[in-house]
Amino acid sequence: MSPEREGRYRLGLLGLGVMGSALARNLIRREIPTALYSVSQKEREAHSLLEGPCVVCGTIGEFVGALERPRKIFLMILAGEPVDEMIQTLLPLLDPGDVLMDGGNSHYRDTERRCRLCREKGIGYLGIGVSGGEKGALTGPSLMAGGDRCAWEQAGPLLTQIAAFHRGKPCCGYVAEGGSGHYVKMAHNGIEYAILELIAETVCYLRGEAGLSPDQTGAVLERWNRGVLGSYLMEISARVIRKRDGDQTPLVDRILDVAGQKGTGRWSEEEAAARGVPTPSIYGALMARNLSGQNMLREEGAAAFPCTAQKGPLLTEEELEQALSLAVFLAYSQGFELIARAGKEEGWRINLRGLAGIWGDGCIIRGRILDRISESGFTGEKPLLFEPAFSDLRSGEAALRRLTSAAALAGDCFPAFGGALFYYDGYRTGRMPVFFIQALRDCFGAHTYRRTDREGSFHTEW
Ligand code: 6PG
């Protein structure tokens, strides 16, 4: 590197895969002098002709040397071991006060461990949830930063420049200490799993039960997108359902019903189970993906177990919209409930309405409902479901009930809608059947039970 380039670049971006490359272009478009590096020579070469205030470095030493101090390095590499390996490579080259940021979908416990490791060396560390896919990274993602506050003070202004903006505010912010940035990104993805499955189940109902064509289905989704369901996922659903293959067959009809996953949905459920938070819609969505992989067995089952399907009355378009709106709202309620619980247990002071603002644009689950959450009195003390501002959505209860029963009678597997109703009914059941479990546990294992009429723990010789 020529001496005049040394120490000149405000940010170092390491990793030039799909997301890294898009972020690089975003940074350059915003005139932020950026040094780029990738361990892959192919990726370095692919970016060598990028125009703008950037340099593609040939070695990691050159890359670190190109950065102004304190250095700020954004890792956009594969989550897991590659992050640990890269931190080990970088640490000896950095100085106290420098800042490392990980923008991958890392597990929050890994982020906390890395935070501690870097702190011992005086290096600031941020785990950053980046949402919005390739397009978001290019035009403005939603960025959720967690970790050292001092590191955020250093790097926050740069990150804010590349993030999406919504209603005059950046969709970028400091969440809290430790792994909180990656935690909220994980919960974002849990909500994403639930909403994707809810939309997929709705599309199946519209096509299968209501008998609509792809274009008619697209038109319904477009109409809904103009109302309370207005969101990025609704918008792309309307587009995707209409897409035709070369011979005019709807493309979605040729897509294998086996869904992939990279782990954040499963982590959400592991977290929910470990912290005792009810998240049945996310669970249903995750199990749907798991079960989707059993496609050979499912085909065998379809032939072997004929369904005594009963056709109930069809839901109207308006009823379906109400059922989906409530179920989507309940997916947010579950995700926020998980975050609120983790925040309490981990000592993170997360501003949940602020987080709704960070998700206001740029991210995959962006939608009108997030504006309403930002503007509500929601604090996380109680689940979002209880917020007075959402009584219009709660009034979809009868429609949600009709849809889930219609699906059950027809033999349709709709676990996300079923999970939504489970969550809703769970929170409106004053006395749950579990009193009987307590009696049985005490009977077979002397586990004791509590009483409704007296304080204390009791055991009975049943
Ligand atoms: C985003 C997305 C993105 C991706 C997840 C989920 O916010 O930009 O959430 O991170 O969609 O990795 O992927 P899977 O569906 O493959 O688990």
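Residues numbered from 1 in each chain as written. Predicted model: local features only at pLDDT ≥ 70, side-chain atom pairs only at ≥ 80, totals over all residues. Heavy atoms only, no water.

Caption draft 1: Seen up close, the nonpolar core. In this structure, Tyr332, Phe336, Trp359 and Ile373 are the most contacted members of the largest nonpolar core, which totals 74 residues. Take this core: its biggest share by element is 14 residues, from helix α14 (residues 317-346). Once residues lying within four places of it in the same chain are set aside, the contact partners of tryptophan 359 are Ser142, Met144, Val184, His188, Ile191, Phe336, Ile339, Ile365, Arg366 and Leu370. Counting residues in each nonpolar core, the second largest holds 30 residues, with Leu16, Ala22, Ile162 and Cys172 among its members. (Core = buried A, V, L, I, M, F, W, Y, C linked by side-chain atoms within 4.5 Å. Buried < 20%, exposed > 50% of the residue type's maximum accessible area, 1.4 Å probe, protein only. Helix = DSSP H or I, 4+ residues; strand = E, 2+ residues; numbered from the N terminus. Contact = heavy atoms within 4.5 Å.)

Caption draft 2: Region of interest: the site of the ligand. In the vicinity of the ligand lie 13 residues, with Ser131, Lys185, Glu192, Tyr193 and Arg289 positioned nearest. The backbone of glycine 133 places a nitrogen or oxygen atom 3.1 Å from an oxygen atom of the ligand. Contact between the ligand and asparagine 189: an oxygen atom at 2.8 Å from a side-chain N or O atom of the residue. In isolation the ligand offers 410 Å² of accessible surface; the protein chains occlude 82% of this area. For the ligand, the cavity whose grid points lie within 2 Å of the majority of its atoms is the second largest pocket. In terms of residue count, the dominant contributor to the shell around the ligand is helix α8 (residues 180-209) (5 residues). Its residues placed into classes, the shell around the ligand shows 2 nonpolar, 7 polar and 4 charged. Both of domain 1 (3-178) and domain 2 (186-427) provide at least three residues apiece to the shell around the ligand. (Near = heavy atom within 4 Å. Polar contact = N/O pair within 3.5 Å; in protein donor to acceptor, adjacent residues only side chain to side chain. Areas by Shrake-Rupley, 256 points an atom, 1.4 Å probe, with all protein chains shown as cover. 1 Å grid on protein atoms, 1.4 Å probe; cavity = no way out; pocket = protein on both sides within 12 Å on 5 of 7 lines; lining within 4 Å. Sits in = over half its atoms within 2 Å of the grid points. Nonpolar A, V, L, I, M, F, W, Y, C, P; charged D, E, K, R; others polar. Domains from an automatic or database assignment.)

Caption draft 3: Quick peek at the pattern of salt bridges. Across all of its chains, the model carries 35 salt bridges by this definition. Note that arginine 254 and aspartate 245 form a salt bridge whose closest N and O atoms lie 2.7 Å from each other. Under the relative-accessibility criterion, arginine 254 is labelled partly exposed at 46%. Overall, the relative accessible area of 26% leaves aspartate 245 in the partly exposed class. A salt bridge links lysine 344 to glutamate 381; the shortest N-O distance between them is 3.9 Å. One end of the pair, lysine 344, is in helix α14; the other, glutamate 381, is in the loop between α16 (368-375) and α17 (391-394), and 37 residues separate them in sequence. This pair shows no difference in class: lysine 344 is exposed, exactly as glutamate 381 is. Among the charged side chains, a network of salt bridges with common partners joins Arg109, Glu112, Glu271, Arg275, Glu345 and Glu346. (Salt bridge = Lys/Arg side-chain N within 4 Å of Asp/Glu carboxyl O.)

Caption draft 4: Representation of the packing of aromatic side chains in the model. A complete count under the given rule lists 14 aromatic pairs for this structure. Consider the rings of phenylalanine 336 and phenylalanine 378, whose centres lie 5.6 Å apart with planes at 80°: the pair is edge-to-face. Taken together, the positions of phenylalanine 336 in helix α14 and phenylalanine 378 in the loop between α16 and α17 put the pair 42 residues apart, joining distant regions of the chain. The exposure class of phenylalanine 378 is buried, given its relative accessible area of 3%. Pairwise contacts between aromatic rings join Tyr108, Tyr183 and Trp348 into one cluster. Lying over the aromatic face of tyrosine 232, arginine 366 brings its terminal NZ or CZ to 4.1 Å of the ring centre. The ring of phenylalanine 435 has arginine 431 lying over it, and the distance from NZ or CZ to the ring centre is 4.1 Å. (Phe/Tyr/Trp six-rings, centres within 6.5 Å; stacked < 30°, edge-to-face > 60°. Lys NZ or Arg CZ within 6 Å of the ring centre and 35° of its normal.)

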